[in-house]
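As a plain string of letters, each chain reads:
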Amino acid sequence: MTLAGKNVVLGVTGSIAAFKAVALASELVRARTLVDVIMTASARQFVAPLSFQAVTHRSIFGDVFAANSELNIEHVELAERADIVVIAPATANTIAKLAAGMADDVLGCTVLATDAPILLAPAMDAHMFDNPATQENVARLRARGWEVVGPAAGRLASGLVGVGRLVEVEELMGAIRALLGRSGDLAGRSVVVTAGGTQEPIDPVRYISNRSSGKMGYAVAEAARDRGAQVTLISTPTALPAPFGVQVVYVNTAEQMLAAVRDAVQEADALIMAAAVADYRPARPSAEKIKKADADVWQLELVKNPDILAQVRGDFVRVGFAAESQHLLENALAKLHAKQLDLIVANDISTPGSGFAVDDNQAVLLDAQGERLALPLMAKRELADQILNKVIKLLGQRRAK
Ligand SMILES: Cc1cc2nc3c(=O)[nH]c(=O)nc-3n(C[C@H](O)[C@H](O)[C@H](O)COP(=O)(O)O)c2cc1C
């Protein structure tokens, strides 16, 4: 979607993490981008250019004076056709050179000659990264508008545990999508998304929850980010990594989610409630772990949770989800009207391969004007974009009012 057909210039430098750049190049190709790899001379000590060539099916660049280049003046041409320049992994040495504006290799020349956004993913020993020289260089590049992702904390090649690891490919892909999407059709908009199933405590070790994995909400948050929105994701604990460039607020219970949503919607243009909020919670959660008793039956008293969508109103587009196992459209329409939503995403959780915890979803979008869009089974990310198409339309109608 955002990535298909884009030109990505991938700069690879002499770090032990250079092998991860092969996986990144492979992911970029899978996302149908055109990847031009520039390797520094040191990078070639770590990974053979052939690895990148095999993955990208393109020549690898690196020698400013190469006579056999397919390009005219390669660093200028690469710079001009780049939609984004990604330097991953970026060594302390390269970061210092780029901060100083040096151009003694193809990567340096390309960076100086390009107008494209630049993403830097540092990878080095923790002490090298902590060093004031490196910190100053990174700060200078940030001040020039470069985006910096990582480094992450963890075990480093030196044996040290600290901040210096190259971030994982998934996070790099998220950062690339976010940067390329900056001028998308949601640029300047603020979107709040909720995700996951709330956890309502019974005692300090037990809770009541549901099968929501958070995948639908995370897909909406990432899709909105990739279209240029400022995104706040209010999430229960899930197995999913925090998406790059999205502000994540973690909550457990419905009451906490209500407070977080109220806070987040102050400046919002849209609220998309993909979370599965428990209707009821234990009336009196115990402060101590409840011990097993002799009785065969244990009765747990439940009280009603706040209805977040019914309580949070304002001048923003409100989107709800209705996960139903029967009377899908009837129930979804009732919810749409009762909560005065602008849009409801009705999904039939009894459809095989659709709904909770899977990557796909089949839904019908129903809006307050009576428009109905029945969608086939599709990836949650695709459905997220369909929902956002509708949100953009609804935002336009609001402005026209
Ligand atoms: C085994 C090994 C691993 C290295 N890993 C890193 C690293 O992760 N980050 C870094 O900044 N430098 C690392 N270096 C040092 C760089 O390779 C060295 O500074 C080199 O000049 C970088 O050149 P380049 O920035 O042009 O690629 C490593 C060196 C060796 C020998």
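This one's a predicted model, so the numbers in the text were calculated from it and none came from an experiment. (Residues numbered from 1 in each chain as written. Predicted model: local features only at pLDDT ≥ 70, side-chain atom pairs only at ≥ 80, totals over all residues. Heavy atoms only, no water.)

Undergrad: Got a minute to help me understand the overall build of the protein in this structure?
TA: Secondary structure assignment for the protein yields 14 helices and 22 strands. The dimensions of the protein, computed from C-alpha atoms along their principal axes, are 80 × 55 × 40 Å. Out of the 401 residues belonging to the protein, those deemed buried represent 50%. Across the protein, every contact between residues at least 6 apart in sequence was considered, and the portion connecting residues at least 24 apart equals 67%. Roughly 19,100 Å² of accessible area belongs to the protein as shown, and the carbon and sulfur atoms make up 50% of that amount. (Helix = DSSP H or I, 4+ residues; strand = E, 2+ residues; numbered from the N terminus. Buried < 20%, exposed > 50% of the residue type's maximum accessible area, 1.4 Å probe, protein only. Contact = heavy atoms within 4.5 Å. Areas by Shrake-Rupley, 256 points an atom, 1.4 Å probe, with all protein chains shown as cover.)

Undergrad: What am I meant to see in the pattern of salt bridges here?
TA: When the charged atoms of two side chains with opposite charge come close together, those side chains can pair. Per the stated rule, a full pass over the model turns up 21 salt bridges. Between Glu-301 and Arg-284 there is a salt bridge, with the nearest N and O atoms lying 2.6 Å from each other. With Glu-301 in the loop between strand 15 (280-282) and strand 16 (302-304) and Arg-284 in the loop between strand 15 and strand 16, this pair connects stretches of sequence that are 17 residues apart. The salt bridge involving Glu-371 is made with Lys-390; its shortest N-O contact spans 3.1 Å. With Glu-371 in the loop between strand 20 (363-367) and strand 21 (372-374) and Lys-390 in helix 14 (residues 380-400), this residue pair connects regions lying 19 residues apart in the sequence. (Salt bridge = Lys/Arg side-chain N within 4 Å of Asp/Glu carboxyl O.)

Undergrad: Help me understand the site of the ligand in this model?
TA: If you check the shell around the ligand, you find 14 residues, and the closest are Gly-14, Thr-40, Thr-91, Ala-92 and Thr-94. For the ligand, an oxygen atom lies 2.7 Å from a polar atom in the side chain of Thr-40. Relative to its unbound accessible area of 640 Å², the ligand is 64% covered by the protein chains. It is helix 5 (residues 92-99) that provides the largest number of residues to the shell around the ligand, a total of three residues. (Near = heavy atom within 4 Å. Polar contact = N/O pair within 3.5 Å; in protein donor to acceptor, adjacent residues only side chain to side chain.)

Undergrad: Explain the packing of helix 1 (residues 18-30) against helix 3 (residues 49-56) here, please?
TA: A packed helix pair is summarised by two numbers, namely the angle formed by the two axes and the spacing between the axes. In contact at an axis separation of 9 Å, helix 1 and helix 3 are set at 10 degrees when each is read in the N-to-C sense. Classified by the interaxial angle, the pair formed by helix 1 and helix 3 is roughly parallel. Taken as a pair, helix 1 and helix 3 cross one another with a handedness that is right-handed. Between helix 1, through Ala-18, Ala-21, Val-22, Ala-25, Ser-26 and Val-29, and helix 3, the contact on the second element is made entirely by Ser-51, Phe-52, Val-55 and Thr-56. (Axes fitted to C-alpha atoms, helices over the stretch in contact; angles between N-to-C directions. Parallel < 35°, antiparallel > 145°, perpendicular 65-115°, else oblique. Left-handed = near helix turned anticlockwise from the far one by under 90°.)

Undergrad: I tried to follow the nonpolar core on my own but got confused; where do I start?
TA: Across soluble globular proteins, you tend to see nonpolar side chains buried next to one another. Ranked by size, the top nonpolar core spans 37 residues in total, and within it Leu-10, Val-12, Leu-24, Phe-52, Val-86 and Ile-176 carry the most contacts. In this structure Val-86 touches Val-8, Val-9, Leu-10, Gly-11, Leu-24, Leu-119 and Ile-176, once residues within four positions along its chain are discounted. Of all hydrophobic cores here, the second largest spans 34 residues; its members include Val-231, Ala-270, Ala-274 and Ile-387. (Core = buried A, V, L, I, M, F, W, Y, C linked by side-chain atoms within 4.5 Å.)

Undergrad: Even after reading the chapter, I still don't get the side chain of Arg-189, so can you show me in this structure?
TA: Note that Arg-189 resides in the loop between helix 9 (169-180) and strand 9 (190-195). Owing to a relative accessible area of 17%, Arg-189 belongs among the buried residues under this scheme. Within polar-contact distance, the side chain of Arg-189 engages the side chain of Asp-269 at 3.2 Å.

Undergrad: Got a minute to help me understand the packing of helix 5 against helix 8 (residues 132-143) in this structure?
TA: Across the interface, helix 5 lies against helix 8 with an axial gap of 9 Å and an inter-helix angle of 50 degrees. As the angle between them shows, helix 5 and helix 8 are arranged oblique. Of the two elements, helix 5 crosses helix 8, and the hand of that crossing is left-handed. Listed contacts from helix 8 to Ala-92, Ile-95, Ala-96, Leu-98 and Ala-99 of helix 5 are Thr-134, Asn-137, Val-138, Arg-140 and Leu-141.

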